[in-house]
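The lines below spell out each chain.
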Amino acid sequence: MWLLPRSNNLMATESFTILVPATSANIGPGFDVVGLSLSLQLTLSVKYPLSPPPEYLAPVITFSGEGADEVPLDAYKNLTTRVALYVLRCHGIPIFPSHLAIHVENEIPFGRGLGSSGAAVIAGVLLGNELGHLNLPKERLLDFALMVERHPDNVTAALIGGFVGSYLKELDGQASEAASVPLSEVLPEYPPDAGEDWGLNPPVPPLGIGHYVRFGWSENIKAVAIIPRFELSTAKAREVLPTQYSRKDVVFNLQRLAVLTTALGQTPPDPDLIYEAMKDRIHQQYRKTLIPGLPEVTSSITPATHPGLLGICLSGAGPTILALATHGFEAIAEDARSIFKKFGIEIDWKVLEIATGCAVHR
Ligand SMILES: Nc1ncnc2c1ncn2[C@@H]1O[C@H](COP(=O)(O)OP(=O)(O)OP(=O)(O)O)[C@@H](O)[C@H]1O
Ligand SMILES: N[C@@H](CCO)C(=O)O
């Protein structure tokens, strides 16, 4: 019988790749309700030895692409690994495997309304699920994601893929108490050598927080992402929103959203129906103070002036503008560039496909 030398055993590694798409939330009237997965990816390549050397080594993260110059590489500060640790700790696993190496390649710009944080959260939930061999179903993965990112639109679309609508279940007393724990407690920044307190009693998510459905999507429709070269945090873009709305404005959005969820699945898509159905009165008008040029871009670029355009709106919390179109992409984007330029804002633009949801490859 041949025995493998010990050094070969040390080389045996567990490795897998996690892929999560960008997302655009709201699509006009569906504030905190609908999301669309887009063909920009967050990719994690994960590796660790099956028989590590005896001395524990904390995870090493390397990062390339969008956000590389600002993202924390300490696993106890990085959003993705903190979420993974939260999932592990909820299952009684206090630490990452020793000698864990994670390389991140990121195409999703930070703080632009393209779901970078939602993708990071879903990547973290999937990472925890894989490292802990937890085998959690999608519904449970969503519960964990919703404990961290409390609006369901981005994370659900990143998890499920396509054009997705979701709602949060009203929770009973005890469950809603667990779900209302401050984020700082869900994701404490425990240093690797904290010793005694590994925080093994984090608030476990209540079961079945989020519920979703995927709508149809006409394959002729592409998304033009017009991306201003500045960041706007979701937190800041939510602070400017009112806490109460008039019945008129709520009905305005509900009417449009009801039409939009079916209209975007029809072939050929109808620009007259969709352009009006992508208008909003719940969030965009309040965010214009943070995004100079927003109303000018959304009102000047129409199906009449730009053949191929179906509708135009703020992507997520902004500042990216999302134009849905069947053709004429360059004219839409370049005219948006000229308008933004008048407000001193430079942009980049990309034509994106509607993507499938997240995936794990072993
Ligand atoms: N891949 C990542 N790894 C770690 N942290 C990330 C990653 N992507 C985003 N983040 C964190 O999320 C922050 C951006 O989140 P924010 O919610 O403000 O914007 P967004 O998710 O890009 O936009 P929106 O939610 O409107 O689509 C970044 O500044 C960074 O702290
Ligand atoms: N629905 C959220 C999306 C942010 O990612 C918002 O508009 O604030």
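Going by what an unreviewed UniProt entry lists, the chain is known as Homoserine kinase and is assigned to Laccaria amethystina LaAM-08-1. According to the UniProt record, the Sequence similarities (unreviewed entry) comment for the chain is "Belongs to the GHMP kinase family. Homoserine kinase subfamily." Per UniProt, the chain has the following entry under Catalytic activity (unreviewed entry): "L-homoserine + ATP = O-phospho-L-homoserine + ADP + H(+)".

## So, the site of ligand 1
If you check the shell around ligand 1, you find 23 residues, and the closest are Ser116, Ser117, Thr234, Gly316 and Ala317. At the level of secondary structure, the elements contributing two or more residues to the shell around ligand 1 comprise α2 (79-90) and α3 (116-131). Take the shell around ligand 1: its biggest share by element is 4 residues, from α3. Across the shell around ligand 1, the residue classes break down as 8 nonpolar, 14 polar and 1 charged.

## Some details on the sheet that holds strand β8 (residues 309-314)
Pairing is antiparallel across the open sheet formed by 4 strands, whose spatial order is β8-β9-β7-β10. The sheet is open, and its two borders are formed by β8 and β10 (347-352), each paired with just one other strand. Here the strands of the sheet are splayed against their neighbours by 15 degrees on average, with no regard to which way each runs. Pairing geometry for strand β7 (residues 222-228) and β10, over 6 bridges, is antiparallel.

## Here's the deal with the domain arrangement of the chain
On domain assignment, one finds that the chain holds domain 1 (11-211) and domain 2 (216-352). Each partner contributes residues to the interface: domain 1 has 25 residues there, and domain 2 has 30 residues. At the level of secondary structure, the elements contributing two or more residues to the side of domain 1 that touches domain 2 comprise β1 (13-26), β2 (30-49) and β5 (163-168). No other element matches the 7 residues that β2 contributes to the side of domain 1 that touches domain 2. When grouped by side-chain class, the residues that make up the side of domain 1 that touches domain 2 number 12 nonpolar, 12 polar and 1 charged.

The rules we used
Residues numbered from 1 in each chain as written. Chains lettered and ligands numbered in written order. Predicted model: local features only at pLDDT ≥ 70, side-chain atom pairs only at ≥ 80, totals over all residues. UniProt positions renumbered as here; feature names shortened; annotations may be inferred. Near = placed C-beta within 6 Å. Helix = DSSP H or I, 4+ residues; strand = E, 2+ residues; numbered from the N terminus. Nonpolar A, V, L, I, M, F, W, Y, C, P; charged D, E, K, R; others polar. Pairing = 2+ DSSP bridges. Axes fitted to C-alpha atoms, helices over the stretch in contact; angles between N-to-C directions. Domains from an automatic or database assignment. Contact = placed C-beta atoms within 7 Å.

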